[in-house]
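Coordinates in review
What follows is each chain in one-letter form.
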Amino acid sequence: MRIALSHRHTAALIFIAISAISTSASAHTGAESHIHNSFLSGFAHPLFGLDHLAAMVAVGLWSALAARSAGRELLWGPVGFAAMLLVGAVLGLQGVALPAVEPMIAASLLVTGLLVVSRLRVPGLVAALGVGVFAVFHGVAHGYELAGDDSAWQTLAGMLAATVLLHGAGLAAGWALRNRQVWLARAAGAGVAAFGGALLLQQMA
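To keep things clear, this report deals only with the structure shown in the data block. Every residue gets a number counted from 1 within its own chain, in the order that chain's sequence is written. Totals for whole chains, interfaces and linings use every residue, but because this is a predicted model, local features are given only for residues with pLDDT of at least 70 and side-chain atom pairs only at 80 or more, for both listing and counting. The basis for every side-chain value is the complete set of heavy atoms in the structure, and neither hydrogens nor water enter the calculation.

Some points on a nonpolar patch on the surface
So the rule is basically this: Surface patches are drawn from residues lacking salt bridges whose relative accessible area is over 30%; two like charges belong together within 9 Å, two nonpolar side chains (Val, Leu, Ile, Met, Phe, Trp, Tyr) within 5 Å. For the accessible areas, the method is Shrake-Rupley and the probe is 1.4 Å, while residue cover comes only from the protein chains on display. For this document, the term salt bridge refers to a Lys or Arg side-chain nitrogen within 4 Å of an Asp or Glu carboxyl oxygen. Starting at the N terminus, helices and strands are each numbered in turn, a helix being any DSSP run of H or I of at least four residues and a strand any DSSP run of E of at least two.
A surface patch of nonpolar side chains, about 310 Å² in accessible area, is lined by Trp76, Leu125 and Leu129. Mapped onto the fold, Trp76 is located in helix H4 (residues 76-93).

Some points on helix H3 (residues 50-66)
Defined as follows: Expected span, for any helix, means 1.5 Å times one less than how many residues it has. We call a residue buried when its accessible area falls under 20% of the maximum for its residue type, exposed when it is over 50%, and partly exposed in between, using a 1.4 Å probe and counting protein chains only.
With 17 residues, H3 should reach 24 Å at 1.5 Å per residue; the first-to-last C-alpha distance of 24 Å fits that figure. Most of H3 sits out of view: 16 of its 17 residues are buried.

What to know about the packing of H3 against helix H5 (residues 101-118)
The axes of two packed helices give the description: the angle between them and the distance between them. Our working rule: In this analysis an axis means a line fitted to C-alpha atoms, helices contributing only their contacting stretch, and an angle means the value between N-to-C directions, from 0 to 180 degrees. Roughly parallel means an angle under 35 degrees; roughly antiparallel means over 145; roughly perpendicular covers 65 to 115; every other angle is labelled oblique. By the definition used in this description, the sense in which the near helix is turned from the far one sets the handedness, with an anticlockwise turn below a right angle giving left-handed and a clockwise turn giving right-handed. Residue contacts are defined here by distance: any two heavy atoms, one from each residue, within 4.5 Å place the two residues in contact. Three categories are distinguished: nonpolar for Ala, Val, Leu, Ile, Met, Phe, Trp, Tyr, Cys and Pro, charged for Asp, Glu, Lys and Arg, and polar for the others, with Gly belonging to the last.
Contact geometry of H3 with H5 gives a least axis separation of 9 Å together with a crossing angle of 25°. Here H3 lies roughly parallel to H5, going by the angle between them. The handedness of the crossing between H3 and H5 comes out as left-handed. Contact residues: H3 offers Asp51, Ala54, Ala55, Ala58, Val59, Leu61, Trp62 and Leu65, while H5 offers Ile105, Ser108, Leu109, Thr112, Leu115 and Val116. When its residues are assigned to classes, the contact of H3 with H5 shows eleven nonpolar, two polar and one charged.

A word on the packing of aromatic side chains
Aromatic ring pairs are reported here in terms of the distance separating the ring centres and the angle at which the planes meet. This is how the line gets drawn: For Phe, Tyr and Trp, rings pair up if their centres lie within 6.5 Å, where Trp contributes its six-membered ring, and each pair is then called stacked (planes under 30 degrees apart), edge-to-face (over 60) or tilted (otherwise).
If you walk through the whole model with that rule in mind, you get one aromatic pair. Consider the rings of Phe39 and Phe43, whose centres lie 6.4 Å apart with planes at 20°: the pair is stacked. Placement of the pair is Phe39 and Phe43 together in helix H2 (residues 39-48), with a separation of four residues, close to one helical turn. According to the relative accessible area criterion, Phe43 is partly exposed, its value standing at 25%.

Notes on unusual backbone geometry
For Ala100, which is not glycine, the phi dihedral falls at a positive 60°. Following the sequence through the fold, Ala100 ends up in the loop between H4 and H5. Residue class for Ala100 comes out partly exposed when judged on its relative accessible area of 45%. Although it is not a glycine, Arg119 adopts a positive phi angle of roughly 55°. Tracing the sequence through the fold places Arg119 in the loop between H5 and helix H6 (124-146).

Notes on the nonpolar core
Rules: Grouping buried Ala, Val, Leu, Ile, Met, Phe, Trp, Tyr and Cys residues that are joined through side-chain atoms within 4.5 Å yields what is termed a nonpolar core.
Ranked by size, the top nonpolar core spans 38 residues in total, and within it Leu61, Trp62, Phe81, Leu85, Leu109, Val116 and Leu156 carry the most contacts. The element that contributes the greatest number of residues to this core is H3, accounting for eleven residues. Sequence-distant contacts of Val116, defined by excluding residues within four places in its chain, comprise Ala58, Leu61, Trp62, Leu65, Ala185, Arg186 and Gly189. The next biggest cluster of nonpolar side chains, apart from the first, holds six residues, and it includes Val101, Val136, Val140 and Ala141.

Focus: the environment of His142
Where we set the bar: Within 3.5 Å is the distance limit for a polar contact, defined as a pair of N or O atoms, with the added protein rule that one can donate a hydrogen and the other accept it, and that residues adjacent in sequence qualify only through two side-chain atoms.
Of note, His142 is situated in helix H6. Owing to a relative accessible area of 1%, His142 belongs among the buried residues under this scheme. On a C-alpha basis, the gap between His142 and Met159 in space is 9.0 Å, while along the polypeptide they are 17 residues apart. Side-chain polar atoms of His142 contact the side chain of His52, separated by 3.4 Å.

Points about the environment of Ala67
Checked against the element boundaries, Ala67 lands in the loop between H3 and H4. Sequence spacing of Ala67 and Arg119 is 52 residues, and the spatial spacing of their C-alpha atoms is 8.8 Å. Discounting residues that sit within four places of it in the chain, Ala67 has contacts with Glu73, Leu74, Arg121 and Arg178.

Looking at the side chain of His52
Among the secondary structure elements, His52 is positioned in helix H3. Overall, His52 belongs to the buried group, its relative accessible area being 0%. In this structure the side chain of His52 is engaged in a polar contact, spanning 2.7 Å, whose partner is the side chain of His138.

A short note on the pattern of salt bridges
One pass over the structure, following the stated rule, counts one salt bridge. Across the pair Arg68 and Glu73 runs a salt bridge whose closest N-O atoms are separated by 3.6 Å. Looking at Arg68, the relative accessible area reads 58%, which means it is exposed. Here Glu73 falls in the partly exposed class, since its relative accessible area comes to 29%.

As structure tokens, this is what we get:
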């Protein structure tokens, strides 16, 4: 039992550290330096782009912390985010450029982080639509970069696979910590919110 708790603590603290890293780039971190041209590169991007990693894990954390019990209720947020991420990516591929993409990505971190801290419980459809709105902007940012790329769909498939994986990691961590060590999950949420707030302030400067 002590070993299991140690692993939980380590995973949570690593996530907190990642979330709290100082940002000197735009909200869409990692996008300019990483080349999107295959399933593997698409899979890797959310893992190395701290904005996407933090938002996706936070959605899973919140879903697990706010759920009354295991089951369908856990999946509304992650499914809504993943589905609308794909919608946004398709729009981006078609050349659609939404306004305020970077601020909305930063705002998604602030909001999802606060949701984790508060453990706010809302109806499933509201959860899916709420995080889904932000996911559209994450998707547009990806899709717009890939417009005209012959391997765009392979890259998007990889990105979607990584998204599901990160949601699953957040769900697992949130469920493991929701009772006795919930403060760790909330601390991670606070780190994500601080990350998003710092990005918003940077963009307003």
